[in-house]
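Here is how the chains run, residue by residue.
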Amino acid sequence: MQFNKVCILGLGYIGLPTASIFASCGLDVMGVDTNPDVISILRNGGIHISEPGLRDLVHKAVDSGRLRVSGTPEAADAFIIAVPTPFLEDNQGSYKGQSYRLADMRAVKSAAESIVPHLRKDNLVVLESTSPPQTTLNLVQPILEKSGLKAGTDFYLAYSPERVLPGQIIRELTENARVIGGIDKRSAEAGRDLYAHFVKGEIVMTDATTAEMVKLMENTYRDINIAIANSFSKLAVRFGIDIWEAIRIANRHPRVKILNPGPGVGGHCISVDPWFFVEAAPDLTELISAARQVNDQQPHFVFNLVKQLFSNDLTGKNIVALGLAFKPDVDDLRESPAIEVAKLLSKDGAIVRAYEPNKNDAHVAGVISAPTLEEAVKDAELLLLLVGHRELKELDPTKLLDLTPARLAVDTVGGWDRQSWSEAGFKLIRLGVGNSHQIK
Ligand SMILES: NC(=O)c1ccc[n+]([C@@H]2O[C@H](COP(=O)([O-])OP(=O)(O)OC[C@H]3O[C@@H](n4cnc5c(N)ncnc54)[C@H](O)[C@@H]3O)[C@@H](O)[C@H]2O)c1
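1. Considerations on the site of the ligand
1) Next: The immediate surroundings of the ligand are formed by 23 residues, with I14, D33, T85, S110 and T130 found nearest.
2) Next: Measuring from a nitrogen atom of the ligand, one finds a backbone N or O atom of G10 at 3.4 Å.
3) Next: I14 places a main-chain nitrogen or oxygen 2.9 Å from an oxygen atom of the ligand.
4) Next: The fraction of the free accessible surface of the ligand (840 Å²) that becomes covered by protein chains is 88%.
5) Next: The element best represented in the shell around the ligand is helix α4 (residues 106-115), accounting for 3 residues.
6) Next: Tallied by class, residues from the shell around the ligand come to 11 nonpolar, 9 polar and 3 charged.

2. Some remarks on the sheet that holds strand β1 (residues 5-9)
1) Next: Spatial ordering of the open sheet is given by β3-β2-β1-β4-β7-β8-β9-β10, a layout of 8 strands whose pairing is mixed. The two strands at the open ends of the sheet, each matched to only one other strand, are β3 (67-70) and β10 (203-207). Averaged over neighbouring strand pairs, the angle between their axes works out to 25° when direction is ignored.
2) Next: Sheet strands in contact with helix α1 (residues 15-24) are β1, β2 (28-32), β3 and β4 (78-81), and its direction is about 170° off that of β1.

3. A short note on the sheet that holds strand β16 (residues 408-411)
1) Next: A sheet is described by the order of its strands in space; here 5 strands give the open sequence β12-β11-β15-β16-β17, paired in parallel fashion. Of all the strands in the sheet, the pair left with one neighbour each is β12 (351-355) and β17 (427-430). Neighbour-to-neighbour, the strand axes of this sheet turn through a mean angle of 20°, independent of strand direction.
2) Next: Two elements, β16 and β17, share 4 bridges in a ladder whose sense is parallel. The partner of L408 across the bridge, within β17, is K427.

4. Details of the pairing of strand β5 (residues 87-95)
1) Next: In terms of strand pairing, β5 meets strand β6 (residues 98-103) through 5 bridges, oriented antiparallel. Following the sheet pairing, G93 is matched in β6 by Y100.
2) Next: Between β5 and β6, which follow one another and run antiparallel, lie 2 residues, and K96 among them has a positive phi close to 50°.

5. Remarks on empty space enclosed by the protein
1) Next: Here the structure, examined in full by the defined rule, presents 1 cavity of 30 Å³ or more.
2) Next: Roughly 50 Å³ of internal volume is contained in the largest cavity.
3) Next: What lines the largest cavity is P161, E162, R163, E172, L173, N176, A177 and R178.

6. Considerations on the environment of K399
1) Next: Along the chain, the position of K399 falls in helix α15 (residues 397-403).
2) Next: Of the residues examined, K399 reaches a relative accessible area of 59% and is grouped as exposed.
3) Next: When the C-alpha atoms of K399 and A424 are compared, they prove to be 9.0 Å apart, with 25 residues separating the residues in sequence.

What counts and how
Residues numbered from 1 in each chain as written. Predicted model: local features only at pLDDT ≥ 70, side-chain atom pairs only at ≥ 80, totals over all residues. Heavy atoms only, no water. Near = heavy atom within 4 Å. Polar contact = N/O pair within 3.5 Å; in protein donor to acceptor, adjacent residues only side chain to side chain. Areas by Shrake-Rupley, 256 points an atom, 1.4 Å probe, with all protein chains shown as cover. Helix = DSSP H or I, 4+ residues; strand = E, 2+ residues; numbered from the N terminus. Nonpolar A, V, L, I, M, F, W, Y, C, P; charged D, E, K, R; others polar. Pairing = 2+ DSSP bridges. Axes fitted to C-alpha atoms, helices over the stretch in contact; angles between N-to-C directions. Contact = heavy atoms within 4.5 Å. 1 Å grid on protein atoms, 1.4 Å probe; cavity = no way out; pocket = protein on both sides within 12 Å on 5 of 7 lines; lining within 4 Å. Points joined across faces, edges and corners; volume = space filled by probe spheres on them. Buried < 20%, exposed > 50% of the residue type's maximum accessible area, 1.4 Å probe, protein only.

Keep in mind these values describe shape, not function.
Here it is in structure tokens:
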């Protein structure tokens, strides 16, 4: 199938790079976003997203005249929906007394509705937003058919999940294998022809619901595996061993690959997507729901660990939270467990000051923060490592001795070497390590 013009709805981390790459392949692209600030920033030559290589790509696309932006869609050969699918903040579901989060599909609905007046015969519509199973068939298709056109007969409809890694989006967009799930074979083929403009990885065709499930299964698989590691870390404390050593040894088994425990699971994908399964089938998802709860409890586990170090009274204790992002070496704070730990500590009376190397504001997501490490640690009683940022893992404990009065440190990510911290004079407590293995 031949495509000359694509309309992309949602110009965020996914939509903007996708729009720019299509434009760089010679297609005429209309990028649509309902946030007027996004449109005005892009029209004024800026970008609102921090992603390596993106600024250049967007500028080239705009300068070539092939990428235009607007607040509303217009007629095109293909439409791509890449709008957010977070969960609802103020509403939860419940099954057998266990609560679960609900997907907020309002942006997908309104994006599909905004396409209706522009939909023409032989158009292709692709949903890229991570969505609960059967969203393409049960939510998007009926909305699009309000146009009077029939999916599969008059227009093509497909689901194609995005699996890029923030920080590597541009390379992964082109190199990753891409799944295209059509509501029928011709829709999958139309999707393949569209993405073949820039995808160098394998293009795998399937049906729409399989493609939706593939995306959710990938993130649920990781969530459950992190939950196992977090459970093991608690067992390690109970039985007085060092979880990091135990995982290293277990992983020498050729078919075992245990992930690392930590202060919890964050970000807008792994901590969100498994709930889409739970909401869609609460009676079949005990394991998925339990894993989510294990990971959501982990910030409380870290909070209790720290509290015990101060004889259960945190009042007035000076604690430095090292790292606030949801994972190492990014500045993304969405659903970050580190932020939750910091907030739990300060709510309980501790004086918490954070240092997030990738942000230097005075407040980062409501946590009082210092612009430099020196400033952050100068009055500290406890150094609390919450994110394995390279800069924080590589801290030299002997140099820290002059910067801080703290001689107590807690490592929740397996980032600090117990020997060198202990030799420098710190009492280092590591998550998942029983008392007999903590060097005093
Ligand atoms: N960011 C990632 O790394 C990543 C990876 C895989 C999948 N995803 C999924 O891709 C989807 C998009 O994520 P993102 O990170 O790009 O989101 P984002 O929040 O960065 O951007 C989404 C944009 O859509 C705009 N928008 C909202 N409603 C709209 C509408 N009706 N019409 C047009 N624009 C609208 C918003 O203003 C926003 O600018 C989500 O479902 C997400 O789960 C994201």
